[in-house]
Amino acid sequence: MTVITEANKTKARDLTAKLTLDEKIAIVHAAGLFRNGCAERLGIPSLKMDDGPMGVRAELHNDNWAPLYNTRDYVTYLPSGSAVASTWNPDLARATGEVLGEEARGRGKDVILGPSINIKRSPLCGRNFEYMSEDPVLTATQGVAYIQGVQESDVAACAKHYAVNSQETDRLDVDETVSERALREIYLPAFEAAVHDGGVLSVMGAYNLVNGTKCCEHKQLLDDILRDEYGFDGFVVSDWSAVRDTKASAEVGMDVEMSVTPNFDDYYFANPLKKAVENGEVKESDVDVKVERVIAVMDALHMLGDARATRKPGRYATIDHAAKALEIARESIVLLKNDENLLPLDERGMTRLLVIGANADRIHSNGGGSAVIKALHEISPLLGLNGELGGNVDIEYVLGYDAKQVNQDESWQEESLENSKGSDAKDELHARELREEAVAKAREYAAAGDSVLFIGGLDHEHDLEGRDRTDMHLPYGQDELIEALLEAAPNTILAFVAGSPIEMPWADKAKAIVWNWYAGCESGAALAEVLFGRVNPSGHLPETFPIALADEPAHRIGTFGLEGHVDYAEDIYVGYRYFDTRQVPVLFPFGHGLSYTDFAFRDLDVRQVDDEIRVTFTVENIGDCAGKAVAQVYLGLEGTGEDRPAKELKGFAKVELDAGEFREVTVAMPAAKALRYWSNESGAYALAPEASVFVGESVEDIRLSGRVA
């Protein structure tokens, strides 16, 4: 894995000492929409950056957002951050990063702008599909593996958005009031792990303010914590248009300014910074430090001098990359409900299948904001089903509800800096006609004993950078359609493609519910494999699915989606920490995921050996088919004298077992991490003197319990 060495730092200092002020200024600001300036005289190139976390973005002109190429920049479309987290499999998170790093390098990129490791505070955040989880441990574990995978290819990962970037509404200017405890326990640990464990080479400064200060001007975040406490020695790049004040950002650890307009010489770190140095308002030594950080990363990536000959070449749009995307997608799918073992479907004897819903016949790679991908291919659910069933099953498709195919054009980038609202206004007569046609067909199929499958959910009109959702309802009249389908055909299987939770007022009536994220180029194939039992589902939810938005702590206690100011009054009680501790009922709990087999847990043994807590137990597959269990270890910290969540995820293991097989599993955790909490009383980290231990398959499905003392 690529890391910064002392030799890299020494070389960076030596080169910086030889640069003119103009050359230094060039290096710390954009000279293109996705590259900084260079110093050709000394052989220092530009850093070529690109979006995004789901694949390398299509090539653009240097000074405008119009596409540049026709066919040469198609890439592999990778599963979203939510899908990667849903696998609960660090090996697959690393594989995601490996593919992305290879493809970025193959496209000639030096920095890929991902992973997105912000915490999901509210289900309404428009970029939640990019983010991984509501939990910092799951986010950190998957994020670290992802970063390590990317940086194997001499490409810098860029952990974003630092920090507390939890809403899109007023995203450039919203001020978020958050306690030190919540910062330290919820919103910063994934970034800490990205630095300590992932060795991440770059971090992106967020748009928003935290406690009254812009993130790109924030001494506490950028210097005191990221640099001094975490020891980060890479460079910080601003989110595009996040720098607003030359002097304020120059005097903290903000290293490279990027933005969305082509007037590069007018950027805050361009001519204004040069003038500020010449006038004595900013010290040139502050600029030197920024340049040194950038050059040190370049040297670590083998971008300078003779080392360029040793740099890995990369490759993209390959068959084996698509195969890895399929493997990740398979383990990301979550079986939420399966009453009467309605799934998997049995194709033996099946002659026809009715598929209803716009998301069955839609792709999602071409929308969502900076996550937009020029995908070499994307398998829709309908294509995946047809591909799996071949000629023996007649698949009839009915639209059911109307939703346009999202096709994002180049104008979105600058428009995304303005607050916007979506519209679901549809012609009611047309909607009713589509619904009635679908229900009539479903009734016909059910009467004949044939299967009905509904595939709905969200799309990138709703999961979208620059816009938050206003509610958790399904758009396009899907709730009415689902209610009618379940009445006409009670065994209708419901599958959803989406990046954020939805309310499910019909959940009690549904027998089978499958959740499929934006799971990359092979998403539809993976879904078909799960529905027909070729793959046993093993995805588990990386976030809570509440019954209603009003139950969410960010809305019930704090504030969300406001312009100007947002108060994180729920403190550390984010997601399951709130629902579980306050015993608020949920639709599906954090960590939930069913299988086509069953697992038993036994023989818990908890020991603290030196500075390590070892939680050992046996998992047995007591069903009749092979499957993968996700064993989750939670601690309840005790003896702190302060209010604490009832349970907090501290470790997990994914275990593959044949039918009847059992295995002893040990989840080992450094006590200094597992027992650590931020003490409001002392204003510092402390260690809990004791803790309860819980092992299970979700935060609510606890099978074993013990203690650390």
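Residues numbered from 1 in each chain as written. Predicted model: local features only at pLDDT ≥ 70, side-chain atom pairs only at ≥ 80, totals over all residues. Heavy atoms only, no water.

As annotated in an unreviewed UniProt entry, the chain carries the name Bgl4 Beta-glucosidase and is attributed to Bifidobacterium dentium. Check the Sequence similarities (unreviewed entry) section of the UniProt entry for the chain; it says "Belongs to the glycosyl hydrolase 3 family." (UniProt positions renumbered as here; feature names shortened; annotations may be inferred.)

Peer 1: Before we go on, may I ask you to explain the domain arrangement of the chain in this structure?
Peer 2: Where the parts come together, the accessible area they lose is often given as the size of the interface. Partitioning the chain into domains gives domain 1 (320–409 + 422–542) and domain 2 (597–708). For domain 1 versus domain 2, the distance between C-alpha centres works out to 34 Å. Between domain 1 and domain 2, the contact holds four residues from the first and nine residues from the second. For the pair domain 1 and domain 2, the summed buried surface comes to about 510 Å²; carbon and sulfur atoms form 35% of the total. Considering only the side of domain 1, the residues that lose the most area to domain 2 are Glu331, Asn536 and His540, jointly responsible for 79% of the buried surface there. For the pair domain 1 and domain 2, the interface holds two salt bridges. Taken together, the residues of the side of domain 1 that touches domain 2 sort by class into no nonpolar, three polar and one charged. (Domains from an automatic or database assignment. Contact = heavy atoms within 4.5 Å. Buried area = accessible area lost by both parts, 1.4 Å probe. Salt bridge = Lys/Arg side-chain N within 4 Å of Asp/Glu carboxyl O. Nonpolar A, V, L, I, M, F, W, Y, C, P; charged D, E, K, R; others polar.)

Peer 1: Sorry if this is basic, but what is going on with the UniProt feature "domain: Fibronectin type III-like" (unreviewed entry) in the chain here?
Peer 2: UniProt's feature table lists "domain: Fibronectin type III-like" (unreviewed entry) at residues 629–699, given in the numbering used throughout. Along residues 629–699, the helical share is 6% and the strand share 62%, with 14 Å between the first and last C-alpha atoms. (Helix = DSSP H or I, 4+ residues; strand = E, 2+ residues; numbered from the N terminus.)

Peer 1: Just to check I follow, could you spell out the layout of surface pockets for this structure?
Peer 2: Where empty space is left in the structure can be found by rolling a water-sized probe over the atoms. Taken as a whole, the largest pocket spans an internal volume of roughly 770 Å³. In terms of lining residues, the largest pocket is bounded by 32 residues, among which Val137, Ala140, Thr141, Lys650 and Lys673 are the most central. Looking at the lining of the largest pocket, the elements that each hand over two or more residues are helix 5 (136–150), helix 6 (180–187), helix 7 (189–196), strand 23 (648–657), strand 24 (662–670), helix 20 (671–674) and strand 25 (676–679). The element that contributes the greatest number of residues to the lining of the largest pocket is strand 23, accounting for six residues. Per-class residue counts for the lining of the largest pocket are 19 nonpolar, three polar and 10 charged. (1 Å grid on protein atoms, 1.4 Å probe; cavity = no way out; pocket = protein on both sides within 12 Å on 5 of 7 lines; lining within 4 Å. Points joined across faces, edges and corners; volume = space filled by probe spheres on them.)

Peer 1: What is the right way to read the pairing of strand 13 (residues 394–398) from this model?
Peer 2: Regular strands have side chains that alternate between both faces of the sheet. Taken together, the five bridges between strand 12 (residues 352–356) and strand 13 define a ladder with parallel strand orientation. Counted as the bridge partner of Ile356 is Val398 from strand 13. Considered for its hand, the β-α-β crossover made up of strand 12, helix 13 (residues 381–389) and strand 13 is right-handed. (Pairing = 2+ DSSP bridges. Right-handed = clockwise from strand over helix to strand, strands pointing away.)

Peer 1: Can you help me understand the sheet that holds strand 22 (residues 627–638) in this one?
Peer 2: Note on sheets: strands pair through backbone hydrogen bonds, and any given pair is parallel or antiparallel. Here four strands make up an open sheet; going across it, the order is 23-22-27-28 and the pairing antiparallel. Strands with a single pairing partner mark the edges of an open sheet, and in this sheet they are strand 23 and strand 28 (702–708). With direction set aside, neighbouring strand axes in the sheet form an average angle of 20°. Direction of pairing for strand 22 relative to strand 23: antiparallel, over a ladder of nine bridges. When the bridges of strand 23 are listed, Val630 appears paired with Lys654. (Axes fitted to C-alpha atoms, helices over the stretch in contact; angles between N-to-C directions.)

Peer 1: How should I be thinking about the sheet that holds strand 20 (residues 599–609) in this particular structure?
Peer 2: Spatially, three strands are ordered 20-21-24 in an open sheet, and the strand pairing comes out antiparallel. The open sheet is flanked by strand 20 and strand 24, the only strands paired with a single partner. Averaged over neighbouring strand pairs, the angle between their axes works out to 20° when direction is ignored.

Peer 1: Help me understand the nonpolar core, please; the structure alone is not making it clear to me.
Peer 2: Generally speaking, nonpolar side chains in soluble globular proteins are found buried as a group. By size, the foremost hydrophobic cluster in this structure holds 198 residues, and its most contacted members are Tyr162, Trp240, Ile356, Phe496, Met504 and Trp515. Sorting elements by how many residues they give to this core places helix 11 (residues 284–300) first, with eight residues. Apart from the residues within four sequence positions on either side, Met504 is in contact with Leu336, Ile513, Trp515, Phe545, Leu587 and Phe588. The next biggest cluster of nonpolar side chains, apart from the first, holds 27 residues, and it includes Phe601, Ile613, Leu635 and Tyr677. (Core = buried A, V, L, I, M, F, W, Y, C linked by side-chain atoms within 4.5 Å. Buried < 20%, exposed > 50% of the residue type's maximum accessible area, 1.4 Å probe, protein only.)

Peer 1: Explanation requested: the packing of helix 4 (residues 90–106) against helix 12 (residues 319–332) in the structure shown.
Peer 2: Pairs of packed helices are described in terms of their axes, by the angle between the two and the distance that separates them. Close contact between helix 4 and helix 12 brings their axes to 10 Å; oriented N to C, the two are set at 150°. Overall, the two elements helix 4 and helix 12 adopt an arrangement that is roughly antiparallel. Where helix 4 crosses over helix 12, the two elements pack in a sense that is left-handed. For the pair helix 4 and helix 12, the contacting residues are Leu92, Ala95, Thr96, Glu98, Val99, Glu102 and Glu103 in the first and His321, Lys324, Glu327, Ile328 and Glu331 in the second. (Parallel < 35°, antiparallel > 145°, perpendicular 65-115°, else oblique. Left-handed = near helix turned anticlockwise from the far one by under 90°.)

Peer 1: Can you walk me through a negative patch on the surface in this structure?
Peer 2: On the surface, Asp427, Glu428, Glu433, Glu436 and Glu480 cluster together into a negatively charged patch. For the negative patch, the element with the most residues is helix 15 (residues 428–447), which contributes three residues. For Glu436, the location among the structural elements is in helix 15. (Patch = residues over 30% accessible without salt bridge, like charges linked within 9 Å, V, L, I, M, F, W, Y side chains within 5 Å. Areas by Shrake-Rupley, 256 points an atom, 1.4 Å probe, with all protein chains shown as cover. Lys, Arg positive; Asp, Glu negative; His and termini not counted. Charge placed at Lys NZ, Arg CZ, Asp CG, Glu CD.)

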